[in-house]
Amino acid sequence: MTATEKQHEQQPEQGEQARRRVFADLTPLRTSADYRRLWFGSTVSWVGQGMTALAVSLQVYEITRSPFSVGLVGLFSLVPLVVFGLYGGAVADTVDRRKLGLASALGSAVLSVALAGAAFAGFHRVWFLYGIVALQAVCAALNAPARSSMIPRLLPPEQLRAANALNSMVMTFGTLVGPSLGGLIVGVAGFQAAYLVDALAFSASLYAMWRLPSMLPDRTGSKRASVLDGLRFLATRPNLRMTFFSDFCAMILAHPRALFPAVAVLWYGGDAKTTGLLVAAPAFGALLGGVLSGWQGRIRHHGQAILIAVACWGTAIAVFGLTRNLWLGLLLLALAGYSDTVSMIFRNTMMQVAAPDEMRGRLQGVFIVVVAGGPRLGDFLAGSVADLTSPAVAITGGGIACVLAIGLLALYGRRFRRYDALDPTP
């Protein structure tokens, strides 16, 4: 082979390496057909769930004309998700995770069919919609720990970081596209069409689960997995515990979402469209965090990466509270969303690699509670401080508090800073 031919062969390889250093690593999708089907099924179902969430809110408002009633939709979804999150994790550590994933996905599909059937029949009752939303949250609380704890069984440890980056793109894509598509379908064909599309979307997830092998957890005894045992395990594993504490710093202390409507009017002289931009900016940044995640594969010290990412989130939020230029504000919110995704990818990877298989479901259950409950507490704190002072004080003060808190955790968590992905210790 001539030198010129060798150079031509090396150029595509160098181009592929350069792409992987910047963009998301697609290796998990290429090497595992089971993971590929699960990822695609999750993408479709997340879009469907986003459609249904918006459709239910629109239908509740059409029936009641009450913003408070629409707000209750979130409450009826949150409470079962938090209550059953821990329980769902314990179930996932006891039974065949494949069967649990199938049953919970089938339950969600049936509930979407029930929504469509009621809409076709003209049965417009708010209590019925609240009840369906609550049951859907129960199904989600059972499905998420089962699905997440399957992934380490489908991929080798060195591919889990890339898989979590791909999974983050699924959630963000569904959050961005689902509501937009749902609003379009409701406007063109009515609520029943949106619910039917969601039910059909779950078929992709059901097919992916159906094709999986049995996923019994690796348990040393026959005793049913206990929620309390999972919490005791977490209490004695400082590195895993720190992943949750670091997330609390961001989600509770520096979560300004509840103030976006006021900020849009008071700071930018805008309206509902401006509020929509403020809400979309962190989601867009989060999507970029998954798409541009190739560089993360070179990071060994995941604890340090989490601490830096959370500090970047707090800094971006604090500076956002000081700016009055809309486009600069949107850029800062996008940077915050990007930082949050980086933190989430490394936190998920640590939980999947450092925890034993028999505990993965319960840790994912705790993760659901933190992810679902933390931002709501953050909304309450930000709203309360803003009422007592001003939105600027609440947002900037919250960002500064986040940076200070994560700094204290960094001083306290010496082992967490030294966590090495090549030698994972919980």
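The notes below deal with the structure included here. Keep in mind it's a predicted model, so treat the numbers as computed, not measured.

### Structural notes on the overall build of the protein
Then, number 1: Check the secondary structure of the protein and you find 17 helices and zero strands.
Then, number 2: For 426 residues, the compact-globule estimate of 2.2 N^0.38 gives 22 Å, and the C-alpha radius of gyration of the protein, at 22 Å, lies within 12% of that figure.
Then, number 3: Taken along its principal axes, the extent of the C-alpha atoms in the protein is 70 × 55 × 50 Å.
Then, number 4: Burial analysis of the protein (426 residues in total) assigns 51% to the buried set.

### Some remarks on the pattern of salt bridges
Then, number 1: One pass over the full model with this rule turns up 10 salt bridges.
Then, number 2: Among the salt bridges present, the one from Arg 97 reaches Asp 93, with a minimum N-O distance of 2.8 Å.
Then, number 3: Using a relative accessible area of 0% as the deciding quantity, one classes Arg 97 as buried.
Then, number 4: Here Asp 93 falls in the buried class, since its relative accessible area comes to 0%.
Then, number 5: Of the charged contacts in the structure, one is a salt bridge between Arg 300 and Asp 420, with a shortest N-O distance of 2.3 Å. In this pair, Arg 300 is assigned in the loop between helix 12 (272-291) and helix 13 (302-320) and Asp 420 in the segment after helix 17 (414-417), connecting sequence segments 120 residues apart.
Then, number 6: Judged by relative accessible area, Asp 420 falls into the buried class, the value being 15%.

### Describing helix 3 (residues 33-64)
Then, number 1: Taking 1.5 Å as the rise per residue, helix 3 with 32 residues should run 46 Å; its terminal C-alpha atoms sit 47 Å apart, in good agreement.
Then, number 2: Remark: Arg 65 follows helix 3 within two positions and exhibits a positive phi of approximately 55 degrees.

### Notes on the layout of surface pockets
Then, number 1: In this structure, the second largest pocket encloses a volume near 380 Å³.
Then, number 2: Lining of the second largest pocket is provided by 19 residues; of these, Pro 157, Glu 158, Arg 161, Gly 297 and Ala 421 occupy positions nearest its centre.
Then, number 3: Every element with two or more residues in the lining of the second largest pocket is listed here: helix 2 (27-31), helix 7 (160-189) and helix 14 (326-354).
Then, number 4: Of the residues contributing to the lining of the second largest pocket, the split by class is nine nonpolar, six polar and four charged.

### Some words on the packing of aromatic side chains
Then, number 1: Considering all chains together, one arrives at eight aromatic pairs under this definition.
Then, number 2: Each ring, one from Phe 123 and one from Phe 128, has its centre 5.5 Å from the other, and the planes form 85 degrees; the classification is edge-to-face.
Then, number 3: Linked through ring pairs, Phe 260, Trp 267, Tyr 268 and Phe 320 together constitute an aromatic cluster.
Then, number 4: Across the ring face of Trp 210, the terminal group of Arg 98 is positioned such that the distance to the ring centre comes to 5.4 Å.
Then, number 5: The ring of Trp 267 carries Arg 324 above its face, with NZ or CZ at 3.8 Å from the centroid.

### A closer look at the nonpolar core
Then, number 1: If you look at the biggest cluster of nonpolar residues, it comprises 54 residues, and the most contacted ones within it are Leu 240, Val 263, Leu 278, Trp 313 and Phe 320.
Then, number 2: Looking at this core, the elements that each hand over two or more residues are helix 9 (227-235), helix 10 (238-253), helix 11 (260-266), helix 12, helix 13, helix 14, helix 15 (357-388) and helix 16 (391-412).
Then, number 3: Among the elements that line this core, the one with the most residues is helix 14, at 10 residues.
Then, number 4: When sequence neighbours within four positions are dropped, the list of residues in contact with Val 263 reads Tyr 268, Leu 278, Phe 320, Pro 391 and Ile 395.
Then, number 5: The next biggest cluster of nonpolar side chains, apart from the first, holds 24 residues, and it includes Met 51, Ala 55, Ala 119 and Ile 132.

### Some points on the side chain of Gln 364
Then, number 1: Its location among the elements puts Gln 364 in helix 15.
Then, number 2: Here Gln 364 falls in the buried class, since its relative accessible area comes to 6%.

### Things to note about the packing of helix 6 (residues 126-154) against helix 15
Then, number 1: Taken N-terminus to C-terminus, the directions of helix 6 and helix 15 make an angle of 135 degrees; their axes are 9 Å apart at the nearest point. Our classification of the angle between helix 6 and helix 15 gives oblique. In this structure, helix 6 crosses over helix 15, and the sense of that crossing is right-handed. Of the residues in helix 15, those touching helix 6 at Ala 141, Ala 144, Pro 145, Ser 148, Ser 149, Pro 152 and Arg 153 are Asp 357, Arg 360, Gly 361, Gln 364, Gly 365 and Ile 368.
Then, number 2: Looking at the contact of helix 6 with helix 15 residue by residue, the classes come out as five nonpolar, five polar and three charged.

### Here's the deal with unusual backbone geometry
Then, number 1: Phi is positive for Arg 65, which is not a glycine, with a value near 55 degrees.
Then, number 2: Position of Arg 65 relative to the elements: it lies in the loop between helix 3 and helix 4 (67-92).

### Quick word on the side chain of Ser 45
Then, number 1: For Ser 45, the location among the structural elements is in helix 3.
Then, number 2: For Ser 45, a relative accessible area of 5% gives the class buried.
Then, number 3: Sequence-distant contacts of Ser 45, defined by excluding residues within four places in its chain, comprise Asp 198, Ala 201, Phe 202 and Ser 205.

### As for the packing of helix 14 against helix 15
Then, number 1: Where helix 14 contacts helix 15, the two axes come as close as 10 Å, and the packing angle between them is 155 degrees. Taken together, the axis directions place helix 14 and helix 15 in an arrangement best described as roughly antiparallel. As helix 14 packs across helix 15, the resulting crossing turns out to be right-handed. Note on element contacts: helix 15 touches helix 14 through Arg 360, Leu 363, Gln 364 and Phe 367, opposite Met 344, Arg 347, Asn 348, Met 351 and Gln 352.

### Topic: the environment of Ser 339
Then, number 1: By the secondary structure assignment, Ser 339 is in helix 14.
Then, number 2: C-alpha of Ser 339 to C-alpha of Ala 309: the two residues are 30 residues apart in sequence and 5.0 Å apart in space.
Then, number 3: Apart from residues no more than four positions distant in its own chain, Ser 339 is found in contact with Ala 309, Cys 312 and Trp 313.

### Considerations on the environment of Arg 324
Then, number 1: The topology assignment puts Arg 324 in the loop between helix 13 and helix 14.
Then, number 2: A residue is classified by how much of its surface remains accessible, and Arg 324, at 41% relative accessible area, is partly exposed.
Then, number 3: Between the C-alpha atom of Arg 324 and that of Leu 102, which follows or precedes it by 222 residues, the distance is 49 Å.
Then, number 4: Non-local contacts of Arg 324, meaning those with residues more than four positions away in its chain, are made with Trp 267, Tyr 268 and Ala 392.

About the thresholds
- Residues numbered from 1 in each chain as written.
- Predicted model: local features only at pLDDT ≥ 70, side-chain atom pairs only at ≥ 80, totals over all residues.
- Heavy atoms only, no water.
- Helix = DSSP H or I, 4+ residues; strand = E, 2+ residues; numbered from the N terminus.
- Rg over C-alpha atoms; globule rule 2.2 N^0.38 Å.
- Buried < 20%, exposed > 50% of the residue type's maximum accessible area, 1.4 Å probe, protein only.
- Salt bridge = Lys/Arg side-chain N within 4 Å of Asp/Glu carboxyl O.
- Expected span 1.5 Å × (residues − 1).
- 1 Å grid on protein atoms, 1.4 Å probe; cavity = no way out; pocket = protein on both sides within 12 Å on 5 of 7 lines; lining within 4 Å.
- Points joined across faces, edges and corners; volume = space filled by probe spheres on them.
- Nonpolar A, V, L, I, M, F, W, Y, C, P; charged D, E, K, R; others polar.
- Phe/Tyr/Trp six-rings, centres within 6.5 Å; stacked < 30°, edge-to-face > 60°.
- Lys NZ or Arg CZ within 6 Å of the ring centre and 35° of its normal.
- Core = buried A, V, L, I, M, F, W, Y, C linked by side-chain atoms within 4.5 Å.
- Contact = heavy atoms within 4.5 Å.
- Axes fitted to C-alpha atoms, helices over the stretch in contact; angles between N-to-C directions.
- Parallel < 35°, antiparallel > 145°, perpendicular 65-115°, else oblique.
- Left-handed = near helix turned anticlockwise from the far one by under 90°.

Keep in mind these numbers describe shape, not what the thing actually does.
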